[in-house]
Each structure stands twice: as structure tokens, then as C-alpha cells.
Amino acid sequence: MKRIAVLTSGGDAPGMNAAIRAVVRGGLEQGWEVFGVRQGYAGLMGGDFVSLSARDVGGIIQQGGTVLGSARAPEFKTEEGRKQALANLEARGVEALVVIGGGGSQSGAYVLSRMGFPVVGVASTIDNDLYGSETTIRVDTALNIALEAIDRLKVTASSHHRAFLVEVMGRDCGYLALMAGIAGGAEVIVLPEVESDPEEVIETLKAAYRRGKAHAIAVVAEGATNNANELMLYAQENQKRIGFDLRVTILGHVQRGGMPGAFDRLLATRLGVGAVERLAGGEHGVLMGLIRGEILATPLDEAAGRKKPLDLGLLEMARVLAK
Ligand code: ATP
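Only a predicted model underlies this, so the values are computations on that prediction, with no experimental measurement involved.

Right, let's get into helix 4 (residues 103–114). Under the 1.5 Å per step criterion, the end-to-end length of helix 4 is 16 Å for twelve residues, consistent within 8% with the ideal 16 Å. Those residues of helix 4 lying buried are Ser 105, Gln 106, Gly 108, Ala 109, Val 111, Leu 112 and Ser 113. Buried residues along helix 4 sit in contact with helix 2 (40–46), helix 3 (79–91), strand 4 (96–101), strand 5 (119–123), strand 10 (286–291) and helix 11 (300–303). Gly 116 occupies a position one or two residues after helix 4 and carries a positive phi of about 100 degrees.

Next comes the structure, spelled out in C-alpha cells:
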């Protein structure tokens, strides 16, 4: 093999740059030329390639986001779009592709692989719902950002005897809300995976005060039926009866930016190097992930389109510990 390419796709993530750096420098070590593809699958279809040297990826390991840019590119779901992408890879003599991204991106990688092109995926999503990796690039950093916010809000909540709703990212998956809720010591956790009743949420917050707590915090996933806006509306409509002040903080994209922490830098680096090693060994059509502490490959036909379920036993544990 002489040439490979790397792209980042889906939501940007602190740690993606560490993975790009690892793929580029690992590839150069193999004697390959490494191209970066700008703006994910959009750049693959548009032929937006740039040859990367070791120096080009210098000083990026500590930067959030992705120096290659990322995009949502629905045209890649069409046969025409993918054929154009393959033609662009062929035109530059690229023989393999590394796709750094989440579930959707890995489905794209799988389709390319089924079309006969060698692809290796690197697991990167805030949702941590990818089958084939116990955790993914960005989860740890995002969790620490959410925790910092929760810890700060707890101080204010205690000083003013106010209840706070903190909404964290997670459209379909409540992993971040569940873990932030447990590690932040929340009184209530609301997830997309579990039906919730607004009255029960309010009652649980009130019960925390009755038990003598100085604060009451609910961590809510954005994709929950009763997300922060819904719960706030309910609280406003029933304010007199509820009898306490409810404040909402929506963390939103704040959780996406920032410098990657040590864990994400190391995970991304190991996954990127792992991807190159597999390609060098002639293996492809796999997703690189962390399994029991090791960087292992799972076939894309097993991983793509398959969601890792949330351990809902932890929700019960959180309830018990919120006493
Ligand atoms: P995140 O977890 O950050 O949302 P993601 O990789 O799941 O990341 P998506 O927006 O779902 O993000 O997917 C990113 C891109 O991958 C899409 O814009 C599209 O180009 C491509 N993609 C998604 N699903 C498919 C599919 N089934 N077939 C081909 N390409 C796909």
C-alpha cells in the first residue's frame, strides 16, 4: 500500500485531532502518503483532499474540534454520491480510508467497504452508543464538562435553595445524562430510554428538600420526551402548587468544544494507531474500539447500524444513592 486517507465525520469531538495525528504519523512510519479529507463525506464526494506531513499535524493533539472539519452529508447516502467518492479516491491512488466518527459515519464506512473499498473505522461519538467500543472518543471530555457545570450549579442551588434542571446532550441515547447524573450526585435523571412523568420529577425534587437536602438537581437528556423545556413549562404552569423555584441550564454545544482530556487524547491516539496497524496487516472492514482495556477490531458488518444498549441498572443505582 502506498496511499491512505483519513476523514472526520458527524459531530466534531475533542480527541479527533489526536486520532488524525496518530493516523498520519503512524501511516508515514509505514512509508505511506497520507491524505486528509476535509469536511467528512462531503469532502470525499467533492474531492477535497490534502496531503499531510508529520509537521501538518503538529500542535493539534491538545486542540478540540477537528482540523479537517466535519459535516453532515446526506448525499453520501445515495449510490451516486458514493460512486463519486470512490472515483475521487481512485483518482488520487488512495487505497484505504480511515473514518473517524459515530454511528452514522460508521454506517457510511460499512457501505463503502461493501462496495469493495478498504475502510477502517475509529469510534468517536458523544452518545457512546457504538457497538464495538466500551467508550468512544469525546465521551470522557464531554462528561467532565457536564460535571463541572453540575458541580457549580449545586453550589448555587445550595445557597439559594433552588432546584436546577441541567440538560445535557443525547438525542437518542441517555449515556451522558446517566453518567453525569451519577457522578454529579443528581436527585433525578431523565433519559430518552425511559418514560418519565413530569409530576414525578417535580415530586422527587421536592422530596429531596423534605429529606433535608440543601439542593435538588435533575440531569435531563435533550432527547427525553420530558426534556428541560418541557419540564420547565410544566413547572411554570403549576408554580403555585409546586412552591419552589426551578431554574434551567441547557449545556448544549458547550459540551462539544474544549480541549480533550488525557483520557480522550490517549484513547484517540491508540485507536488511530490501531487503525493503521490493521491496514498494514491487510485487515479492513472493521471498527477500532476499546474492549476490556484493549484496542480491538470489530467487523463493520457486526457494528454498523447496531446500538449498544444503556445499562439501565445504573439508573436504579443512581436513585438509591440520591437518598
Ligand atoms: P454523531 O454521533 O456525532 O452524531 P455520527 O457519525 O452518528 O456522529 P451522523 O450525522 O449520523 O453522525 O452521520 C454522519 C454522516 O455519515 C452523514 O452526514 C452521512 O454523510 C453519513 N451517513 C450516515 N448514515 C449513513 C448511511 N446509512 N449510509 C451512508 N452514509 C451515512
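Now that the structure has been shown, we can carry on.
So, about the site of the ligand. Not every one of the 18 residues close to the ligand is listed here, only the nearest: Arg 72, Ala 73, Gly 104, Ser 105 and Thr 125. The contact in question runs from an oxygen atom of the ligand to an N or O atom on the backbone of Gly 11, over 2.9 Å. Take Thr 125: an N or O atom from its side chain is 2.6 Å from an oxygen atom of the ligand. Taken by itself the ligand offers 630 Å² of open surface, and the protein chains cover 82% of this.

Take the sheet that holds strand 7 (residues 188–190) next. The parallel open sheet is built from four strands, whose spatial order is 7-8-6-9. Because the sheet does not close on itself, it has two edges, and the strands there are strand 7 and strand 9 (246–250). Strand-to-strand twist of the sheet, defined as the mean angle between neighbouring strand axes without regard to direction, takes the value 20 degrees. Two elements, strand 6 (residues 163–168) and strand 8 (residues 216–221), share six bridges in a ladder whose sense is parallel. Counted as the bridge partner of Val 166 is Val 219 from strand 8.

A separate point is the nonpolar core. Ranked by internal contacts, the top residues of the largest apolar core, which has 31 residues, are Val 98, Ile 100 and Ile 137. When residues no more than four places from it in sequence are discounted, the contact partners of Ile 100 are Val 6, Leu 7, Thr 8, Ser 9, Met 16, Ala 19, Ile 20, Gln 106, Val 122 and Ser 124. Counting 29 residues, the second largest nonpolar core, distinct from the first, contains Met 169, Leu 178, Ala 180 and Leu 251.

Residues other than glycine seldom take positive phi values, yet Gln 39 does so here, at roughly 60 degrees. One can find Gln 39 in the loop between strand 2 (33–37) and helix 2. Under the relative-accessibility criterion, Gln 39 is labelled partly exposed at 36%. Residue Arg 138 is not a glycine yet carries a positive backbone phi of 100 degrees. Position of Arg 138 among the secondary structure elements: in the loop between strand 5 and helix 5 (139–160).

Definitions and cut-offs
- Residues numbered from 1 in each chain as written.
- Predicted model: local features only at pLDDT ≥ 70, side-chain atom pairs only at ≥ 80, totals over all residues.
- Heavy atoms only, no water.
- Helix = DSSP H or I, 4+ residues; strand = E, 2+ residues; numbered from the N terminus.
- Expected span 1.5 Å × (residues − 1).
- Buried < 20%, exposed > 50% of the residue type's maximum accessible area, 1.4 Å probe, protein only.
- Contact = heavy atoms within 4.5 Å.
- Near = heavy atom within 4 Å.
- Polar contact = N/O pair within 3.5 Å; in protein donor to acceptor, adjacent residues only side chain to side chain.
- Areas by Shrake-Rupley, 256 points an atom, 1.4 Å probe, with all protein chains shown as cover.
- Pairing = 2+ DSSP bridges.
- Axes fitted to C-alpha atoms, helices over the stretch in contact; angles between N-to-C directions.
- Core = buried A, V, L, I, M, F, W, Y, C linked by side-chain atoms within 4.5 Å.

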